[in-house]
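# An overview of the molecular structure
Each chain, written out:
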Amino acid sequence: MLYASKQDQDLSMNATTTFIRESLKELYPTEEINSFSRWILEEICNLSPQQQILRKDTQLSHFDKERIRTIVKRLQKMEPLQYIIGKTEFYGLNFEVNPSVLIPRPETEELVHMILQTEKKSGLHVLDIGSGSGCIAVSLAKHLTNATVHAIDISEKAIATARINATQNKATVEFIQADILSGKSTGITHHSLDLIVSNPPYIKENEKTTMLDNVLLYEPHQALFVPDNDPLLFYRRIADIGRDLLKKDGRLYFEINTACGAITLEMLKEQGYNHLELIQDLSGRDRFIKAIHK
């Protein structure tokens, strides 16, 4: 059972919230636990955060309490709540997520927002490289006017998840399963793209020791890591693809490793890109690069 003694007989939402907090307090920051609690009760009990405040005496069923107990046990093993619930929100849209795709991050929302604030022209032709859940491609397809959006990923399972997300969000995206490092053609017409956007793998292997278990143990390493001796592996290849597929004055948008801003700019300059911009995220860290194809 979920609770012992008197707590076991207390089916109130208030007691359940206390249980969640007590069970996780040694593992997560308080604010994150509060967020977990709100999300779990909204998902299991269909109660909005406001309703949770106003209806603390609401009685849960034994079945719902057992579901919450199972979720808490998984959280104690540092499994991400997004994977447990099976979904997350990104740029106002709902996305299915599972261990075959990275959990979308707020910084990537900033990247999407930056593009949407900059690219106002109708009918843009866009490619998202390393699409994962499809969060970037689907969001751009939803919000850009009359855009044609392609998305590439090496993972068959990731592509399957991204297709579900495009369908659920009523977004039209052409998904392509391909390994961009192979050198094979993507099938996209030469010099046809207005934009290429990518949040590729950029964490160096030697940075693993600084990472939290909920990322390191559960999220796909193929989408996270690059060799220590070649941190620009994917950026260099994407820049090369851009020279072939971007129109004159086509734009390249990257999310980057905050420690690699200068060397990424230098690589793009060597590849012939100009109007290079290194852009900080809301936390003041070097996080994005915009470059223009001559």
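In what follows, the structure referred to is the one given above.
Everything in this summary refers to the structure shown in the same document. As the structure is a computational prediction, the values presented were derived from the model and not from experiment.

This paragraph deals with the packing of aromatic side chains. Summed over the entire model, instances satisfying the criterion amount to three aromatic pairs. Where Tyr28 meets Phe36, the ring centres are 5.0 Å apart and the plane angle is 85°; that geometry is what we call edge-to-face. Here Tyr28 falls in the buried class, since its relative accessible area comes to 7%. By relative accessible area, which is 8% here, Phe36 ends up buried. Geometrically, the ring pair formed by Tyr235 and Phe254 is edge-to-face, given 4.8 Å between the ring centres and 90° between the ring planes. Placement of the pair is Tyr235 in helix α11 (residues 233-245) and Phe254 in strand β9 (residues 246-255), with a sequence separation of 19 residues. Accessibility classification places Tyr235 together with Phe254 in one group, the buried group. The ring of Phe225 is capped by Lys208, whose NZ or CZ atom sits 4.8 Å from the centre of that ring.

Another point: helix α12 (residues 261-270). Residues Gly261, Thr264, Leu265, Met267 and Leu268 constitute the buried set of α12. Angularly, the buried residues of α12 cover 160° about the axis, an arc narrow enough to put them on a single face. Facing away from the buried side of α12 by over 90 degrees, the exposed positions are Ala262, Lys269 and Glu270. In this structure, the buried side of α12 is in contact with α11, β9, β10 (273-280) and β11 (286-293). Gly272 sits one or two positions beyond α12 and adopts a positive phi of about 95°.

Now for the pairing of strand β2 (residues 93-96). Only one face of β2 is covered, namely the face carrying Leu93 and Phe95; the face carrying Asn94 and Glu96 is uncovered. Two strands pair when backbone bridges link them, and strand β1 (residues 87-90) and β2 are joined in this way by four bridges, in the antiparallel orientation. The partner of Glu89 across the bridge, within β2, is Asn94. The turn joining β1 and β2, which pair antiparallel and follow one another in sequence, is formed by two residues; a positive phi near 50° is taken by Tyr91.

Now for unusual backbone geometry. One non-glycine residue, Lys170, lies in the positive phi region at around 55°. Tracing the chain through its elements places Lys170 in the loop between α9 (156-168) and β5 (174-177). Unlike most non-glycine residues, Asp249 shows phi in positive territory, near 70°. By the secondary structure assignment, Asp249 is in strand β9. Asp249 gets classed as partly exposed once you look at its relative accessible area, which sits at 40%.

So, about the environment of Gln59. Relative to the elements of secondary structure, Gln59 occurs in the loop between α4 (49-54) and α5 (62-76). When the C-alpha positions of Gln59 and Leu11 are compared, they lie 5.1 Å apart, and in sequence the two are 48 residues distant. Apart from residues lying up to four places away in sequence, Gln59 is in contact with Leu11 and Ser12. Among the polar contacts made by the side chain of Gln59, one reaches the main-chain carbonyl oxygen of Asp57 at a distance of 3.0 Å.

Rules behind the numbers
- Residues numbered from 1 in each chain as written.
- Predicted model: local features only at pLDDT ≥ 70, side-chain atom pairs only at ≥ 80, totals over all residues.
- Heavy atoms only, no water.
- Phe/Tyr/Trp six-rings, centres within 6.5 Å; stacked < 30°, edge-to-face > 60°.
- Buried < 20%, exposed > 50% of the residue type's maximum accessible area, 1.4 Å probe, protein only.
- Helix = DSSP H or I, 4+ residues; strand = E, 2+ residues; numbered from the N terminus.
- Lys NZ or Arg CZ within 6 Å of the ring centre and 35° of its normal.
- Arc of directions from axis to C-beta.
- Contact = heavy atoms within 4.5 Å.
- Pairing = 2+ DSSP bridges.
- Polar contact = N/O pair within 3.5 Å; in protein donor to acceptor, adjacent residues only side chain to side chain.

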